[in-house]
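# Fold and geometry: a report
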Amino acid sequence: MSDKFVFKWAEEEPSDQKKYLEDSCQPRCVKTLLEYKACVQRIEGDDSGHKHCTGQYFDYWQCVDKCTLQILLNLDINNSICSTAKILPVVRNQHLLLCTLLICNTAAMEALPIFLDGLVTAWGAILISVTSILLFGEIIPQSVCSRYGLAIGATVAPFVRVLVCICFPVAYPISKLLDYLLGHGHAALFRRADLKTLVDMHGNEAGKGGELTHDETTIIAGALELSEKTASDAMTPISDTFAVDINARLDRD
């Protein structure tokens, strides 16, 4: 991360820097994003309300958040280091956190209609539960956390730890099974073509807010292609050159 980028942040109104880094981390989570979109397409048109893509959604944003947290931890920008240090231990065990959140989310979604059924009519319980979950569980949290996600995450980290402890007997065996089947980490490595595309996206000519100039993107792309180049690619064919006698006088004519 360049000093220019950090300096620009210092000049702006203090806010959660996490949103500035999410776009840079999203290309590292293409696999989970595609899985989430595929799930959305599969359940499109389902009116029962029982099918959802919460797991794929959490997988994608957990990948983005982990990348963002690691960058903030390395940069130590403003007070982000304090919030990052609180959150990083919680998200380090990805599958345990994922299982805990899904268990709690499912329990809340199933328990609310049952609780309301004894207070109001059946259709009223369904209406209130769906509206409440959509409003307080989806719309408001995503709107607020998109701007203040880092600060909110640091604040609720102790509460999440409590949830992990409560769900540990069920979540831990499932998380270990996922670790065994899928691996503990989900590191994303780019191929050369992916890196070239990523560099192009960060160029100022792409119109996405990148700071890399045309010359910088050309140099980086050339360096990525260096192993595929041969000397003949950089040489001028002899047929395109001409020679001048060593004793010839050079003048305007």
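Since this is a predicted model, take the numbers as computed values, not measurements.

Helix and strand counts for the chain come out as 10 helices and zero strands. Beginning at the N terminus, the succession of helices and strands in the chain can be written as α-α-α-α-α-α-α-α-α-α. Within the chain, the fraction of its 253 residues that count as buried is 24%. In the chain, the share of contacts with a sequence separation of at least 24, taken over all contacts with a separation of at least 6, comes to 65%.

Glancing now at the UniProt feature "transmembrane region" (unreviewed entry) in the chain. Mapped onto this numbering, the UniProt entry gives "transmembrane region" (unreviewed entry) at residues 122-141 and 148-172. Helix makes up 100% of residues 122-141 and strand 0%, with an end-to-end C-alpha separation of 27 Å. End C-alpha to end C-alpha, residues 148-172 measures 29 Å, and it is 100% helix and 0% strand.

Applying the stated rule across the entire model yields one aromatic pair. Ring geometry for Phe168 versus Tyr172: centroids 4.7 Å apart, planes at 20°, classification stacked. Taken together, the residues Phe168 and Tyr172, both in helix α7 (residues 122-182) and four residues apart, mark about one turn of the helix. Residue classification places Phe168 among the partly exposed positions, given a relative accessible area of 36%. Tyr172 sits in the partly exposed class, given a relative accessible area of 34%.

A few words now on the nonpolar core. Ranked by size, the top nonpolar core spans 14 residues in total, and within it Ile87, Val90, Val91, Leu97, Val160 and Ala171 carry the most contacts. Counting residues per element, the ones that place at least two in this core are α5 (80-92), α6 (94-117) and α7. Counting residues per element, this core draws most heavily on α7, at seven residues. With six residues, the next largest nonpolar core counts Cys25, Tyr60, Cys63 and Cys67 among its residues.

What follows concerns α7. The end-to-end C-alpha distance of α7, which contains 61 residues, comes to just 41 Å, noticeably less than the 90 Å that a straight helix rising 1.5 Å per residue would cover. Maximal helix bending in α7 amounts to about 100°, located at Tyr148.

With 24 residues, α6 ought to run about 34 Å at 1.5 Å a step, and its terminal C-alpha atoms sit 35 Å apart, in line with that. Every buried residue belonging to α6 is among Gln94, His95, Leu96, Leu97, Leu98, Cys99, Thr100 and Leu116, and all of these are buried.

A cluster of nonpolar side chains, Leu134, Leu135, Phe136, Ile139, Ile140, Val144 and Tyr148, forms an exposed patch at the surface whose accessible area comes to about 630 Å². Inspection of the secondary structure puts Leu134 in helix α7. Leu134 sits in the partly exposed class, given a relative accessible area of 46%.

Calculation criteria
- Residues numbered from 1 in each chain as written.
- Predicted model: local features only at pLDDT ≥ 70, side-chain atom pairs only at ≥ 80, totals over all residues.
- Heavy atoms only, no water.
- Helix = DSSP H or I, 4+ residues; strand = E, 2+ residues; numbered from the N terminus.
- Buried < 20%, exposed > 50% of the residue type's maximum accessible area, 1.4 Å probe, protein only.
- Contact = heavy atoms within 4.5 Å.
- UniProt positions renumbered as here; feature names shortened; annotations may be inferred.
- Phe/Tyr/Trp six-rings, centres within 6.5 Å; stacked < 30°, edge-to-face > 60°.
- Core = buried A, V, L, I, M, F, W, Y, C linked by side-chain atoms within 4.5 Å.
- Expected span 1.5 Å × (residues − 1).
- Bend = angle between axes of the 7 residues up to and from the residue.
- Patch = residues over 30% accessible without salt bridge, like charges linked within 9 Å, V, L, I, M, F, W, Y side chains within 5 Å.
- Areas by Shrake-Rupley, 256 points an atom, 1.4 Å probe, with all protein chains shown as cover.
- Salt bridge = Lys/Arg side-chain N within 4 Å of Asp/Glu carboxyl O.

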